[in-house]
Amino acid sequence: GAVVSQHPSWVICKSGTSVKIECRSLDFQATTMFWYRQFPKQSLMLMATSNEGSKATYEQGVEKDKFLINHASLTLSTLTVTSAHPEDSSFYICSALIRVGEQYFGPGTRLTVT
Amino acid sequence: AQKVTQAQTEISVVEKEDVTLDCVYETRDTTYYLFWYKQPPSGELVFLIRRNSFDEQNEISGRYSWNFQKSTSSFNFTITASQVVDSAVYFCALSEWSQGNLIFGKGTKLSVKP
């Protein structure tokens, strides 16, 4: 199957700083990538849909100014958590869409804000 | 509205027992996909199966089997002769043709004790 990577796999940052998470499709191109967030012992919730060359679409309740998404190429989408706070600590997972019904997940990034 | 319900929050079995994880979904789309993923403690999602809405055939893969019934909007997952390595959180998910992203159930934590 296709491979999606995420970097970093884990990160610890101080409150008030910004963190960038990269999501790459390694062996295919993806016009659309999705960003999910998973709090401890909870399910995965869609945060935003990232489309190459256009603005991301955010789900209700997700602050677009806080979670900046850039999808500058067909193989890379980035999520930047700006001015991170402890409540942003979570597991962030991206997926890259080949076609409806077929997407591949990255291994996830565990963010801890102290 | 689209929704996935996994009513079982946690299940504990003894090794070699059979166990069924329930999944009920709601959607207005006539074309959709259903998935099961396994999430071990590392967090990475492991793809288990995808079914499209036009294929109601049950599937068996080794000790795993899936029962898809459109009449009851259910897509249940059975593990036969469970093993300790099956311990994980299992997510059922829905992808509608009109959306592309996955809608996850809350997950079922399966503990298999030796």
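Residues numbered from 1 in each chain as written. Chains lettered and ligands numbered in written order. Predicted model: local features only at pLDDT ≥ 70, side-chain atom pairs only at ≥ 80, totals over all residues. Heavy atoms only, no water.

1. Re the interface of chain B and chain A
Reasoning step 1: The partner chain A presents 17 residues to the 21 residues of chain B that form the contact.
Reasoning step 2: A combined buried area of about 1,400 Å² lies between chain B and chain A, and 58% of that area is made up of carbon and sulfur atoms.
Reasoning step 3: For the pair chain B and chain A, the interface holds four residue pairs in polar contact (both at pLDDT 80 or more).
Reasoning step 4: Elements with a minimum of two residues in the side of chain B that touches chain A: β5 (32-39), β10 (88-96) and β11 (102-104) of chain B.
Reasoning step 5: Counting residues per element, the side of chain B that touches chain A draws most heavily on β5 of chain B, which supplies four residues.
Reasoning step 6: Across the side of chain B that touches chain A, the residue classes tally to nine nonpolar, eight polar and four charged. (Contact = heavy atoms within 4.5 Å. Buried area = accessible area lost by both parts, 1.4 Å probe. Polar contact = N/O pair within 3.5 Å; in protein donor to acceptor, adjacent residues only side chain to side chain. Helix = DSSP H or I, 4+ residues; strand = E, 2+ residues; numbered from the N terminus. Nonpolar A, V, L, I, M, F, W, Y, C, P; charged D, E, K, R; others polar.)

2. Re the pairing of strand β12 (residues 108-113) of chain B
All names here are of chain B.
Reasoning step 1: Of the two faces of β12, the one lined by Thr108, Leu110 and Val112 is fully buried and the one lined by Lys109, Ser111 and Lys113 carries no buried residue.
Reasoning step 2: Looking at chain direction, strand β2 (residues 10-14) and β12 are connected through five bridges and run parallel. Directly across from Val13, in β12, lies its bridge partner Val112.
Reasoning step 3: In this structure, β10 lies alongside β12, joined through three bridges in antiparallel fashion. In the strand pairing of β12, Val89 is matched with Lys109. (Buried < 20%, exposed > 50% of the residue type's maximum accessible area, 1.4 Å probe, protein only. Pairing = 2+ DSSP bridges.)

3. Structural notes on the nonpolar core
Inside soluble globular proteins, nonpolar side chains tend to come together where they are buried.
Reasoning step 1: Formed by 25 residues in total, the largest nonpolar core has its most connected members in Trp36, Trp66, Phe77, Tyr90 and Leu110 of chain B.
Reasoning step 2: Elements that contribute at least two residues to this core include exactly β2, β3 (19-21), β5, β6 (46-52), β8 (64-69), β9 (74-79), β10 and β12 of chain B.
Reasoning step 3: The element best represented in this core is β10 of chain B, accounting for four residues.
Reasoning step 4: Every residue in contact with Phe77 of chain B, bar those within four places of it in the chain, is listed here: Val19, Thr20, Leu21, Trp36, Leu48, Tyr64, Ser65, Trp66 and Tyr90 of chain B.
Reasoning step 5: Core analysis: the next-biggest nonpolar cluster, separate from the first, contains 24 residues, Cys13, Val19, Ala30 and Ile69 of chain A among them. (Core = buried A, V, L, I, M, F, W, Y, C linked by side-chain atoms within 4.5 Å.)

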